[in-house]
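# Structural characterization, general
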Amino acid sequence: METIEHKTITANGINIHIAEKGQGPLVLFLHGFPELWYSWRHQILYMAAHGHRAVAPDLRGYGDTTGAPLHDSTKFTTLHVVGDIIALLDAIAPDEHQVFVVGHDWGAIIAWSLCLYRPDRVKALVNLSVHFRPRNPMLKTVDMFRAIFGDDHYICRFQEPGDIEAEFAQVGVREVEKKFLTYRDPGTFYFPKGKGFESFPDTPDILPSWLSEEDVDYYTSKFEKNGFTGGLNYYRAWDLNWELTAPWTEAQVKVPTKFIVGDLDLVYNIPGTKEFLHGGMFKKYVPLLDEVVVMEGVAHFLNQEKSDEINQHILEFIKKF
């Protein structure tokens, strides 16, 4: 890990921390919640060893990236974050008009948005965990989750500024990180108000082989410093995204794509998701979809849990271009 370089790039009005290694065609890695560039540590080393320049930023509001107003969730729309990415690419790779992109969780949502807004900048996409979700012109995103799952659903509970942060504080940053990263229940996240993580399974006494205490230390140190509000703002901007993306209703993602998900991932088990992915609708909206890979016995944080297999999937796909 010591060979990974760290830089801060001023772009789009904020200071973006990036971790990078290697030379060659650029592969941009976009992390999710509650994570950091560090989620891609295995992929950075692997891609660098196989002839690529791997770059993983801390996204707006996360880690060592500074300058975004944490008190204002309206500054965390997909348009803002894609703006950060385009400005970052212009700064660090001015001669590469197109790059490879890999996203996971919220990073996957940002990657889908990047491919909608600026498909000219993406050579090919590998997205993990969160599939493309076409905009429903009749129903806002948070209202949709509330209608399906009720007010205790985690996306609904994440909406009120300060509310979930207070419950996280009672548990402690380290325990929050452990609970999220080791969660393996394909069922839905529920956070009954005032009960926090009581509905979660107990954190295992011994961490899984793919997650060390040192890994948890790194996440904990950054979230203890900056809190979770930056990451939660992405959820709080979801309905604003819905308003702003009206021009992209029924738009297709016209970028060569590979999608990978674990069969224990809670996203894969949302009602209707499997039918969407495997019944032809996913291909309708992502017409250059190359493959959908479902990994058996694998949960949400698959790029860390099954890093070797994910590395091979990424390299195998981008070698086609």
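Because the structure is a prediction, the values reported are computed rather than measured.

What follows concerns the packing of aromatic side chains. Inspection of the entire model under this criterion finds 40 aromatic pairs. Ring geometry for Tyr154 versus Phe158: centroids 5.6 Å apart, planes at 75°, classification edge-to-face. Like Tyr154, the residue Phe158 is buried in the burial classification. When the centroid spacing of 6.5 Å and the interplanar angle of 35° are considered together, the rings of Phe180 and Phe191 count as tilted. Of this pair, Phe180 sits in helix 7 (residues 173-181) while Phe191 sits in the loop between helix 7 and helix 8 (213-226), and the two are 11 residues apart along the sequence. Taking the relative accessible area as the measure of exposure, Phe191 reaches 1% and is therefore buried. The cationic tip of Arg135 hangs over the ring face of Trp242; the distance from NZ or CZ to the ring centre is 4.4 Å.

Helix packing geometry: the angle between the two helix axes and the distance between the axes. Helix 3 (residues 106-117) packs onto helix 2 (residues 78-92) with a crossing angle of 75° between their chain directions and a minimal axis gap of 9 Å. By the criterion of interaxial angle, the relationship of helix 2 to helix 3 is roughly perpendicular. Only Ile109, Ile110, Ser113, Leu114 and Tyr117 of helix 3 make contact with helix 2, whose side of the interface consists of Thr78, Leu79, Val81, Val82, Ile85 and Ile86. Among the residues making up the contact of helix 2 with helix 3, the classes are represented as nine nonpolar, two polar and no charged.

Turning next to unusual backbone geometry. At the junction of Phe33 and Pro34, the peptide bond is cis and its omega measures out at -10° in the coordinates. The backbone of Asp105 sits at a positive phi, close to 60°, despite the residue not being glycine. In this structure, Asp105 sits in the loop between strand 5 (99-104) and helix 3.

Next up on the list: the environment of Phe100. Take Phe100: it is sitting in strand 5. Phe100 gets classed as buried once you look at its relative accessible area, which sits at 2%. When the C-alpha atoms of Phe100 and Ala124 are compared, they prove to be 5.2 Å apart, with 24 residues separating the residues in sequence. Apart from the residues lying within four places of it in its own chain, the contact partners of Phe100 are Pro25, Leu26, Val27, Leu28, His52, Lys123, Ala124, Ile318 and Phe321.

Within this structure's numbering, the places UniProt gives as "domain: AB hydrolase-1" (unreviewed entry) are residues 25-148. For residues 25-148, the end-to-end C-alpha separation is 43 Å, with 35% helix and 19% strand making up the annotated structure.

This part is about the sheet that holds strand 5. Reading across the sheet, the eight strands line up as 1-2-4-3-5-6-7-8 and stay open at both edges, with mixed pairing between neighbours. Looking along the sheet, the strands with just one partner apiece sit at the ends: strand 1 (5-11) and strand 8 (289-295). Adjacent strand axes in the sheet meet at a mean angle of 20°, parallel and antiparallel pairs treated alike. Where helix 1 (residues 41-49) meets the sheet, its contacts fall on strand 2 (14-21), strand 3 (26-30) and strand 4 (53-57), and the angle it forms with strand 2 comes to roughly 55°.

Quick look at the environment of Thr10 now. Relative to the assigned elements, Thr10 resides in strand 1. A residue is classified by how much of its surface remains accessible, and Thr10, at 61% relative accessible area, is exposed. Taking the C-alpha atoms as reference points, Thr10 and Thr65, separated by 55 residues in sequence, lie 9.6 Å from one another. A distance of 3.1 Å separates a polar atom in the side chain of Thr10 from a polar atom in the side chain of Asn15.

Turning to helix 2, a few remarks are in order. In this model helix 2 runs 21 Å from its N-terminal to its C-terminal C-alpha over 15 residues, within 8% of the 21 Å that 1.5 Å per residue would give. Taken together, the buried positions of helix 2 are Thr78, Val81, Val82, Asp84, Ile85, Ile86, Leu88, Leu89 and Ile92.

This part covers the nonpolar core. In globular proteins that are soluble, nonpolar side chains generally tend to be buried together. Core analysis: the largest hydrophobic core is formed by 112 residues, its most contacted members being Phe33, Phe158 and Phe168. When residues no more than four places from it in sequence are discounted, the contact partners of Phe158 are Phe33, Ile164, Phe168, Phe180, Phe191, Leu232, Tyr235 and Arg236.

Moving on, we come to the pattern of salt bridges. Two side chains bearing opposite charge may form a pair once their charged atoms approach each other closely. Counted by the stated rule, this structure contains 23 salt bridges. Between Glu165 and Arg236 there is a salt bridge; the shortest N-O distance is 2.9 Å. Taken as a pair, Glu165 in helix 6 (residues 163-171) and Arg236 in helix 9 (residues 229-236) lie far apart in primary sequence, 71 residues in all. Each member of the pair Glu165 and Arg236 is classed as buried. The partner of Asp217 in a salt bridge is Arg174, with the nearest N and O atoms 2.5 Å apart. One end of the pair, Asp217, is in helix 8; the other, Arg174, is in helix 7, and 43 residues separate them in sequence. Given the relative accessible area of 39%, Asp217 is considered partly exposed.

A word on the packing of helix 7 against helix 8. Packing of helix 7 against helix 8 brings their axes to within 9 Å, and their N-to-C directions diverge by 125°. Of the possible angle classes, the one that applies to helix 7 and helix 8 is oblique. Both helix 7 and helix 8 take part in a crossing whose hand is right-handed. Between helix 7 and helix 8, the contacting residues are Val173, Arg174, Glu177, Lys178 and Leu181 on the first element and Glu213, Val216, Asp217, Tyr219, Thr220, Phe223 and Glu224 on the second. Considering only residue class, the contact of helix 7 with helix 8 consists of five nonpolar, one polar and six charged.

Calculation notes
Residues numbered from 1 in each chain as written. Predicted model: local features only at pLDDT ≥ 70, side-chain atom pairs only at ≥ 80, totals over all residues. Heavy atoms only, no water. Phe/Tyr/Trp six-rings, centres within 6.5 Å; stacked < 30°, edge-to-face > 60°. Buried < 20%, exposed > 50% of the residue type's maximum accessible area, 1.4 Å probe, protein only. Helix = DSSP H or I, 4+ residues; strand = E, 2+ residues; numbered from the N terminus. Lys NZ or Arg CZ within 6 Å of the ring centre and 35° of its normal. Axes fitted to C-alpha atoms, helices over the stretch in contact; angles between N-to-C directions. Parallel < 35°, antiparallel > 145°, perpendicular 65-115°, else oblique. Contact = heavy atoms within 4.5 Å. Nonpolar A, V, L, I, M, F, W, Y, C, P; charged D, E, K, R; others polar. UniProt positions renumbered as here; feature names shortened; annotations may be inferred. Pairing = 2+ DSSP bridges. Polar contact = N/O pair within 3.5 Å; in protein donor to acceptor, adjacent residues only side chain to side chain. Expected span 1.5 Å × (residues − 1). Core = buried A, V, L, I, M, F, W, Y, C linked by side-chain atoms within 4.5 Å. Salt bridge = Lys/Arg side-chain N within 4 Å of Asp/Glu carboxyl O. Left-handed = near helix turned anticlockwise from the far one by under 90°.

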